[in-house]
Amino acid sequence: MSPTKRPGILRMSTPTSPQPKGIPVSAIRPAAVVVLAAGEGTRMKSATPKVLHELCGRSLVGHVLAAARELDPQNLVVVVGHAREKVTGHLGEIDPDVRTAVQAEQNGTGHAVRMALEELGGSVDGTVVVVCGDTPLLTGDTLKRLAGTHEADGNAVTVLTAEVPDATGYGRIVRDEASGAVTGIVEHKDATDAQRAIREINSGVFAFDGQLLADALKKVRTDNSQSEEYLTDVLGILREAGHRVGASVAVDHREIAGINNRVQLSEARRTLNDRLLTGAMLAGVTVVDPATTWVDVTVTFEQDAVVHPGTQLLGATHVGEGAEVGPNSRLKDTQVDAGARVINTVADGAVVGPQASVGPYAYLRPGTRLGLKSKIGTYVETKNASIGEGTKIPHLSYVGDATIGEYSNIGAASVFVNYDGEAKHHTTVGSHCRTGSDNMFVAPVTVGDGAYTAAGSVITKDVPPGSLAVARGQQRNIEGWVARKRPGSAAAKAAETASRQEESGS
């Protein structure tokens, strides 16, 4: 399916705060964006590299790359280190054009940026934007304002800052008391008590003059508590050389939040999910209970779609105009067309046609395609099945590897027997068919248009159009069996009483 090509689509854009007046937006492509993604992230306590943890359908680094791509940089370089094979493999899947630089030993952010510049030939003419690979809430708009401020003010370096309620663990922005100019950044571990009281923090996101950055990195020292090359020291080096150092303050401090543990990951997921739902609602989607509704960034809607509580919409799911999903549904890579209704359903890789009805308690597996006004009812599972217009499978059935025509009805407790232990086989049921309850269709088999099948039948042969297929043994009643085989039982006593009543005519 290709939901992004349909007219009227509402993409899951993340609304951001209005751009402050007087803050320029960059009109020049940066020479490079460098993404720092080499760290291990030990506080995540996971075998998965930190930047590969996911929220809202993307990895942490995937969110950062999406924001960076909005700048349309001439070069996009990701610095990898810990578990670099996994990280590089993931990058190749989500952004094949990205370049990678290896930081074999994690010797600090300054060292990481040096590795990136070496990948680009040692230095770069133009603006170099540096971002962290664990800041999934960072938006392209904020990066554009950072680059715009950097270019408009003619800075050697511009740091993205934010004022936060709790600055613990962050590098503090030190400003000149008289002019307010940025004079440096002090890491939390190296800060004095007075500096730790500062609430304006370094986001770890910068815009640099590429040539000045390369020169300053050569002068960065390691005489600090971590014995590492701090990228933040570049600000002091450039300022001491007489170059201009500036700042761009983020409108929403949550954008710069880095993810270091599972608690912060959860908080970021909640924040991003709220952004996505807010954007959808402002564009004309009804979300009945945002607190229990979760969506991926790749989900799309059309106007007047309705999402009920307890619903998860994942992957490339699309909900059409006036369609309703939920409550308590989980849809992944599923297309729900206009006017359809999906209740208490799990669906993966399915297409629900216009005005179709699904659920409650249905399971649509990959390859399911439901036609106009079709119905999948309670406790029905489908897989690789094409269901025609107006056709109903109301309850308690499994339909796998099948094609069903228009306006047919599949009786309750029917099973399309598609697997012989080695291979899958296909069943075809025509249009305007009526199949009985408790039928087994042993594939490969075809039921022709207008045919009927009797309840309890096991259909192993093709049924011609307009025929009635009966495939069951003749019923035989063995009278007196209970009295002989279960004498004295409750059943025997009940049968004896019933027989006496029949004999007496009462």
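Procedures and definitions
- Residues numbered from 1 in each chain as written.
- Predicted model: local features only at pLDDT ≥ 70, side-chain atom pairs only at ≥ 80, totals over all residues.
- Heavy atoms only, no water.
- Helix = DSSP H or I, 4+ residues; strand = E, 2+ residues; numbered from the N terminus.
- Rg over C-alpha atoms; globule rule 2.2 N^0.38 Å.
- Buried < 20%, exposed > 50% of the residue type's maximum accessible area, 1.4 Å probe, protein only.
- Contact = heavy atoms within 4.5 Å.
- Areas by Shrake-Rupley, 256 points an atom, 1.4 Å probe, with all protein chains shown as cover.
- Lys, Arg positive; Asp, Glu negative; His and termini not counted.
- Charge placed at Lys NZ, Arg CZ, Asp CG, Glu CD.
- Disulfide = S-S within 2.5 Å.
- Arc of directions from axis to C-beta.
- Salt bridge = Lys/Arg side-chain N within 4 Å of Asp/Glu carboxyl O.
- pLDDT = per-residue confidence, 0-100.
- Core = buried A, V, L, I, M, F, W, Y, C linked by side-chain atoms within 4.5 Å.
- Axes fitted to C-alpha atoms, helices over the stretch in contact; angles between N-to-C directions.
- Parallel < 35°, antiparallel > 145°, perpendicular 65-115°, else oblique.
- Nonpolar A, V, L, I, M, F, W, Y, C, P; charged D, E, K, R; others polar.
- Polar contact = N/O pair within 3.5 Å; in protein donor to acceptor, adjacent residues only side chain to side chain.
- Phe/Tyr/Trp six-rings, centres within 6.5 Å; stacked < 30°, edge-to-face > 60°.
- Lys NZ or Arg CZ within 6 Å of the ring centre and 35° of its normal.

A. A look at the overall build of the protein. Scanning the protein from terminus to terminus reveals ten helices and 38 strands. For 506 residues, the compact-globule estimate of 2.2 N^0.38 gives 23 Å, and the protein exceeds it by more than 25% at 32 Å. Seen through its principal axes, the protein has C-alpha atoms that stretch 115 × 50 × 45 Å. Counting only residues that meet the buried cut, the protein has 47% of its 506 residues in that class. Long-range contacts, defined as pairs at least 24 residues apart, comprise 44% of the intrachain contacts of the protein with a sequence gap of at least 6. Of the roughly 23,400 Å² that the protein leaves accessible, carbon and sulfur atoms contribute 48%. Side chains of the protein give 50 positive and 57 negative charges; the mean places of these two sets differ by 6 Å.

B. A look at the state of the cysteines. Counted according to the given criterion, the structure contains zero disulfides. Not part of a disulfide, C132 finds its nearest cysteine sulfur in C56, a span of 20 Å.

C. Inspection of helix α2 (residues 84-94) at higher detail. When we look at burial in α2, the residues that qualify are V87, H90 and L91. The arc that holds the buried residues of α2, viewed along the axis, is 100°, so those residues lie on one side. Every exposed residue of α2 that faces more than 90 degrees away from the buried side is listed here: E85 and E93. In this structure, the buried side of α2 is in contact with β4 (58-59), α1 (60-69), β5 (76-80) and β6 (99-102).

D. Expanded view of the pattern of salt bridges. Under the definition given, this model contains 13 salt bridges. R270 serves as the salt-bridge partner of D274, at 3.1 Å between the closest nitrogen and oxygen. With D274 and R270 both in helix α8 (residues 262-282) and four residues apart, the pair spans about one turn of that helix. Given the relative accessible area of 33%, D274 is considered partly exposed. Overall, R270 belongs to the partly exposed group, its relative accessible area being 25%.

E. Summary view of the confidence of the model for the protein. On average, residues of the protein carry a pLDDT of 93, and 94% of them reach 70 or more. Throughout residues 1-7 the model reports pLDDT below 50, and contacts reaching past four residues in sequence, or to other chains, amount to 14 contacts.

F. Inspection of the nonpolar core at higher detail. By size, the foremost hydrophobic cluster in this structure holds 55 residues, and its most contacted members are F301 and L313. Mapped onto this core, the elements with two or more residues apiece are α8, β26 (362-364), β28 (375-387), β29 (392-404) and β35 (445-447). The greatest single-element share of this core, amounting to six residues, is contributed by α8. Look past the residues within four positions of L313 in its chain and what remains in contact with it is W294, V295, D296, V299, F301, V307, V319, V325 and L331. If you look at the next biggest cluster of nonpolar residues, it comprises 36 residues, including A112, L120, A214 and I237.

G. Structural detail: the packing of helix α6 (residues 210-217) against helix α7 (residues 233-240). Across the interface, α6 lies against α7 with an axial gap of 10 Å and an inter-helix angle of 105°. As far as their axial angle goes, α7 and α6 are roughly perpendicular. Contacts from L212, L213, A216 and L217 in α6 reach V234, I237 and L238 in α7. Of the residues in the contact of α6 with α7, the class split is seven nonpolar, no polar and no charged.

H. Representation of the side chain of T435. Within the fold, T435 resides in strand β33 (residues 434-435). Under the relative-accessibility criterion, T435 is labelled buried at 7%. Discounting chain neighbours no more than four positions away, the residues touching T435 are N409, I410, G411, S414, F441 and T453.

I. Geometry of α6. Within α6, the full set of buried residues consists of G210, L213, A214, A216 and L217. Angularly, the buried residues of α6 cover 170° about the axis, an arc narrow enough to put them on a single face. Where α6 is buried, its residues meet α3 (109-119), β7 (127-132), β11 (200-209) and α7. The N-terminus of α6 is capped by D209, whose side-chain oxygen sits 3.1 Å from the backbone nitrogen of Q211.

J. Fine view of the packing of aromatic side chains. Summed over all chains, the structure comprises three aromatic pairs. Their ring planes at 40° and their centres at 4.9 Å tell us that F416 and F441 sit as a pair that is tilted. Highlighted residues: F416 in strand β31 (residues 415-417) and F441 in strand β34 (residues 440-442), separated in sequence by 25 residues. Between the NZ or CZ atom of R270 and the centre of the ring of W294, over which it lies, the distance is 4.3 Å. A cation over an aromatic ring shows up here: K424 above the ring of Y419, its NZ or CZ 5.5 Å from the ring centre.

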